Amino acid sequence: MLKIGLTGGIGSGKTTVSDLFSQLDNNENKVAIIDTDIIARQIVEVGKPAYKKIIKIFGKEILNKDASINRKVLRNIIFNDLNLKQQLEDIIHPEIQLQVNSELAQLNTQYCIIVIPLLFETKSDYALDRILLVDCDIDTQIKRTTQRDQVPAEDVERIIKLQSSQDYRLKHADDIIQNNNDLEQLKQQVRNLHAFYLKLANLNSG
Ligand code: ATP
């Protein structure tokens, strides 16, 4: 099966694009979406193995009142400590990888999209066939993310600086969706790529 890795900077539109792929109305050629961001949240739910390992390292101070992990607090801690950031990644990434592989094994679609926000920043081994980048201008990224999350622009700028540069992403992507304009233009690009990926998937299987 053709495996497409979907990536892009913060607030570039990855979720919006993956939702559009999953809503394509051609039932015979449904696309499977595996979202590593969703998986990352699931594997740290209360009582899961990763949850226990994280508390062992970071202590109970990172917990909300309902015992769930306060992701914002955790993010702030690792922002200021690269060693702890590495330790957290060493716990989370193998678990994500396991879950992705188990979901992949159950699919029987012609192609699938694996949403990997930090595809260029972290190691993963999914044997991707293509990298699809959702690209948008930094000003748009900041505007949309501050509106969505109700956070100051400086917070978003700080994260953008830590992520791969727009240039780097553009150079290393196979396919690019431009998301500076309205949703209708986004939908059209998704439809075009869907047709392209189905063609590729058929070539691969034939
Ligand atoms: P993150 O990296 O933070 O998970 P993301 O890349 O998944 O973000 P989205 O959540 O899909 O990005 O998009 C960011 C915000 O911008 C959302 O509120 C979304 O509804 C909005 N948005 C995305 N694309 C467009 C568009 N073409 N026109 C208007 N709003 C958009």
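Just above, that's the structure.
Residues numbered from 1 in each chain as written. Predicted model: local features only at pLDDT ≥ 70, side-chain atom pairs only at ≥ 80, totals over all residues. Heavy atoms only, no water.

### Points about the packing of helix α1 (residues 14-22) against helix α9 (residues 183-205)
Between two packed helices, what matters for the description is the angle formed by their axes and the separation of those axes.
Item 1. Their axes nearest at 10 Å, the elements α1 and α9 cross at an angle of 55 degrees. As judged from the angle between their axes, α1 and α9 are oblique. Crossing of α1 against α9: the hand is right-handed. Facing Thr16, Val17, Leu20 and Phe21 of α1, the residues of α9 in contact are Leu183, Leu186, Lys187, Val190, Leu193, His194 and Tyr197. (Axes fitted to C-alpha atoms, helices over the stretch in contact; angles between N-to-C directions. Helix = DSSP H or I, 4+ residues; strand = E, 2+ residues; numbered from the N terminus. Parallel < 35°, antiparallel > 145°, perpendicular 65-115°, else oblique. Left-handed = near helix turned anticlockwise from the far one by under 90°. Contact = heavy atoms within 4.5 Å.)

### Observations concerning the pattern of salt bridges
For side chains of opposite charge, pairing can occur when their charged atoms come near one another.
Item 1. All chains considered together, the criterion is met by seven salt bridges.
Item 2. Between glutamate 121 and arginine 169 there is a salt bridge whose closest N-O contact spans 3.9 Å. Here glutamate 121 is found in the loop between β3 (111-115) and β4 (130-135), whereas its partner arginine 169 is found in helix α8 (residues 166-172), with 48 residues between them in sequence.
Item 3. For glutamate 121, a relative accessible area of 28% translates into the label partly exposed.
Item 4. A salt bridge links aspartate 149 to arginine 148; its shortest N-O distance comes to 2.8 Å.
Item 5. Arginine 148 sits in the exposed class, given a relative accessible area of 54%. (Salt bridge = Lys/Arg side-chain N within 4 Å of Asp/Glu carboxyl O. Buried < 20%, exposed > 50% of the residue type's maximum accessible area, 1.4 Å probe, protein only.)

### Topic: the side chain of threonine 145
Item 1. Residue position: threonine 145 is located in helix α6 (residues 138-149).
Item 2. Judged by relative accessible area, which is 1%, threonine 145 ranks as buried.
Item 3. Among the polar contacts listed, one links the side chain of threonine 145 to the backbone oxygen of glutamine 141, at a separation of 2.6 Å.
Item 4. In contact with threonine 145, not counting residues within four places along its chain, are Ile10, Gly11, Gln150, Val151 and Val156. (Polar contact = N/O pair within 3.5 Å; in protein donor to acceptor, adjacent residues only side chain to side chain.)

### Let's talk about the nonpolar core
Item 1. Of all hydrophobic cores here, the largest spans 31 residues; its most connected members are Ile54, Phe58, Ile96, Val100 and Ile114.
Item 2. Every element with two or more residues in this core is listed here: β2 (32-35), α2 (36-42), α3 (49-58), α4 (71-79), α5 (82-105), β3 and β4.
Item 3. Considering each element in turn, this core owes the most residues, seven residues, to α5.
Item 4. Not counting the four nearest positions on each side in its chain, isoleucine 96 is found in contact with Thr36, Ile39, Ala40, Ile43 and Tyr126.
Item 5. In terms of nonpolar packing, the next biggest core, distinct from the first, is built from 21 residues, Phe21, Ile177, Leu198 and Ala201 among them. (Core = buried A, V, L, I, M, F, W, Y, C linked by side-chain atoms within 4.5 Å.)

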